[in-house]
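# Summary of structural features
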Amino acid sequence: MTKKIDNAYITLLVIALALCLMPIVLPKAGLALATEFCVVLTIALAWNLLGGFSGIVLIGMPLFIGIGGYTLYIVANFLAVPPYPVIAICAAVSAILAYVLSPLLFRLQGAQLAIGSWVMAEIARLLCLVTPAVGAGGGLNLEVMKSVARNWRLPLNFASAALVLFITLLAIVVLLKSRFGLGLRAMRDSDAAAEAMGVRTNRVRLYTLVLAAGISGAAGACYYITSIQITPNSAFSQNWIAMTIFIVILGGIGSVEGPIFGAIVYFLLRETLSGLGPGYFVISGLLAIVVTIFLPEGVWGLVRRVIRIDLLPVAHQPSAEPPALPSAHLQTQEILS
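Residues numbered from 1 in each chain as written. Predicted model: local features only at pLDDT ≥ 70, side-chain atom pairs only at ≥ 80, totals over all residues. Heavy atoms only, no water.

Turning our attention to the overall build of the protein chain. Scanning the protein chain for helices and strands turns up 15 helices and 2 strands. For the protein chain, the C-alpha radius of gyration of 22 Å lies close to 20 Å, the compact-globule estimate for 337 residues. When burial is assessed residue by residue, the protein chain has 46% of its 337 residues classed as buried. Taking the contacts inside the protein chain whose residues are at least 6 apart along the sequence as the reference set, 77% of them involve residues at least 24 apart. For the protein chain, the distance from the average position of its 19 positive side-chain charges to the average position of its 13 negative side-chain charges is 6 Å. (Helix = DSSP H or I, 4+ residues; strand = E, 2+ residues; numbered from the N terminus. Rg over C-alpha atoms; globule rule 2.2 N^0.38 Å. Buried < 20%, exposed > 50% of the residue type's maximum accessible area, 1.4 Å probe, protein only. Contact = heavy atoms within 4.5 Å. Lys, Arg positive; Asp, Glu negative; His and termini not counted. Charge placed at Lys NZ, Arg CZ, Asp CG, Glu CD.)

Okay, structure coming up:
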């Protein structure tokens, strides 16, 4: 029997082809914007993995974004190597930090967890502000970028951000389609029910936090490669989390497609309405209120009702064929019949 190809992998293939074509078809300004889009979408996907699929609401995500950025500058400048391979180290450092802080974070729940993570991000910002080794308030410059030819910087910046985005999408889809993803969603609905089903909630929560932190660290590194300078106030800014939550809520929390559509709408709004000054923030706020009240499933929920198809379905698929019954059991059935 021919096995049907999953829509999720077809969509991922289309996304990969689109990302490969962008450096060819987009002008320099468009490619720079596409790089930022990839970074922002990656962070939104990471936060949605926590808040949307596991119920772990963190306001302190800028902690991992900023750590990823600072790790890139420190390691690349110290080793005097191009920054692009260092992105993997940035992801690892942010993931390790999340693992170390997890006992403190998971002692908290709900609003306490959200505020506690925000406090950790603020502590990191203040420490960087008073530490001369990382430039204090003046921050650091990415000196090693001088070794990268100017005409190669923009394509390499985009390639790095696009690769991190695609790996993130692939990892999330594969993860959520597995039994781990099933346990993750069960934990979001009820810890007690998930544990009754045999889900080790503490382990699932830890692995999810570490993965989301690593993704955020890699995305932060990609972003600060393009800026060539990093400061504590920008790296650990709460603007990161405000933008991320807006995108996820706008697109549709708890779905993989939601952050994608939310990021598209966010960038369309920003690029078309930013000239309105304060009016841009008013319109964005009103839009968020309208979506929350009338479209709780977000923009993606509306699109899905129109096209009637899931682009990135992540529901766990059990085996299509029932397991074979033991021969003794079959004999028993024959006797009873």
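On average, residues of the protein chain carry a pLDDT of 86, and 91% of them reach 70 or more. Predicted confidence is poor over residues 319–337, with pLDDT under 50, and the contacts of this stretch with residues over four places away or in other chains come to 2 contacts. (pLDDT = per-residue confidence, 0-100.)

Owing to its 3.6 residues per turn, the α-helix brings residues three or four apart onto one side. Relative to the 28 Å expected for 20 residues at 1.5 Å per residue, helix H5 (residues 110–129) spans 29 Å between its end C-alpha atoms, a close match to the ideal helical length. Among the residues of H5, those classed as buried are Leu 113, Ala 114, Gly 116, Ser 117, Met 120, Ala 121, Glu 122, Ala 124, Arg 125 and Cys 128. On its buried face, H5 is in contact with helix H3 (62–79), helix H4 (87–105) and helix H10 (232–235). (Expected span 1.5 Å × (residues − 1).)

A few words now on the packing of aromatic side chains. Counted by the stated rule, this structure contains 10 aromatic pairs. Judged by centre distance (5.0 Å) and plane angle (85°), the ring pair of Tyr 223 and Trp 240 falls under edge-to-face. Note that Tyr 223 is positioned in helix H9 (residues 201–227) and Trp 240 in helix H11 (residues 239–251), a separation of 17 residues in sequence. Just above the ring of Phe 106 sits the side chain of Arg 205; from NZ or CZ to the centre is 5.8 Å. (Phe/Tyr/Trp six-rings, centres within 6.5 Å; stacked < 30°, edge-to-face > 60°. Lys NZ or Arg CZ within 6 Å of the ring centre and 35° of its normal.)

Turning next to the side chain of Thr 11. Of note, Thr 11 is situated in helix H1 (residues 7–25). Look at Thr 11 and you get buried, because its relative accessible area is 17%. Sequence-distant contacts of Thr 11, defined by excluding residues within four places in its chain, comprise Leu 311 and Leu 312.

What follows concerns the pattern of salt bridges. Applying the stated criterion across every chain yields a total of 6 salt bridges. With its nearest N and O atoms 3.2 Å apart, the salt bridge here joins Glu 143 to Lys 146. By relative accessible area, Glu 143 is classed as partly exposed at 40%. Ionic contacts of the salt-bridge type, sharing partners, join the residues Glu 36, Arg 270 and Glu 271 into one network. (Salt bridge = Lys/Arg side-chain N within 4 Å of Asp/Glu carboxyl O.)

Turning to the nonpolar core, a few remarks are in order. Residues Leu 72, Leu 169 and Val 256 are the most contacted members of the largest nonpolar core, which totals 98 residues. Residue contributions to this core peak at 14 residues, all from helix H2 (residues 28–51). Aside from chain neighbours lying at most four places away, what touches Leu 72 is Asn 77, Pro 83, Val 86, Ile 87, Cys 90, Leu 142, Ala 221 and Ile 225. (Core = buried A, V, L, I, M, F, W, Y, C linked by side-chain atoms within 4.5 Å.)

Moving on, we come to the environment of Thr 272. With respect to the secondary-structure elements, Thr 272 resides in helix H12 (residues 257–273). On the basis of relative accessibility, which here comes to 58%, the residue Thr 272 falls in the exposed class. Engagement of the side chain of Thr 272 in a polar contact is seen with the backbone oxygen of Leu 268, the distance being 2.6 Å. (Polar contact = N/O pair within 3.5 Å; in protein donor to acceptor, adjacent residues only side chain to side chain.)

All right, on to a nonpolar patch on the surface then. Among the surface-exposed residues, Val 282, Leu 286, Ile 289, Val 290, Ile 293 and Phe 294 lie close enough to one another that they form a single nonpolar patch of about 620 Å² accessible area. Tracing the chain through its elements places Val 290 in helix H13 (residues 278–294). What makes Val 290 partly exposed here is its relative accessible area of 42%. (Patch = residues over 30% accessible without salt bridge, like charges linked within 9 Å, V, L, I, M, F, W, Y side chains within 5 Å. Areas by Shrake-Rupley, 256 points an atom, 1.4 Å probe, with all protein chains shown as cover.)

Turning our attention to the packing of helix H6 (residues 150–177) against H9. In helix packing, the relevant descriptors are the interaxial angle and the interaxial distance, both defined with respect to the helix axes. Between H6 and H9, the shortest axis-to-axis distance is 9 Å and the interhelical angle comes to 165°. As summarised for this structure, H6 and H9 are arranged roughly antiparallel, according to the angle between their axes. Between H6 and H9 the crossing geometry is left-handed. Each of Asn 157, Ser 160, Ala 161, Val 164, Thr 168 and Leu 175 in H6 lies in contact with H9, whose residues at this interface are Leu 211, Ile 215, Ala 218, Ala 219, Cys 222, Ile 225 and Thr 226. The class makeup of the residues in the contact of H6 with H9 is 9 nonpolar, 4 polar and no charged. (Axes fitted to C-alpha atoms, helices over the stretch in contact; angles between N-to-C directions. Parallel < 35°, antiparallel > 145°, perpendicular 65-115°, else oblique. Left-handed = near helix turned anticlockwise from the far one by under 90°. Nonpolar A, V, L, I, M, F, W, Y, C, P; charged D, E, K, R; others polar.)

Positionally, Pro 132 belongs in the loop between H5 and strand E1 (140–141). Taking the relative accessible area as the measure of exposure, Pro 132 reaches 70% and is therefore exposed. Measuring from C-alpha to C-alpha, the distance between Pro 132 and Pro 259 comes to 38 Å, with 127 residues separating the pair along the chain.

All right, on to the side chain of Thr 42 then. Its place among the elements puts Thr 42 in helix H2. In contact with Thr 42, other than residues within four places in its own chain, are Val 164, Leu 165, Thr 168, Ile 215 and Ala 219.

So, on to the packing of H12 against H13. At their nearest, the axes of H12 and H13 sit 10 Å apart, and the two run at 155° to each other. On the basis of the axis angle, H12 is roughly antiparallel to H13. Crossing angle aside, the handedness with which H12 passes H13 is right-handed. Between H12 and H13, the residues in contact are Val 265, Tyr 266, Leu 269, Arg 270 and Leu 273 and Tyr 280, Ile 283 and Leu 287, respectively. Here the contact of H12 with H13 is composed, by residue class, of 7 nonpolar, no polar and 1 charged.

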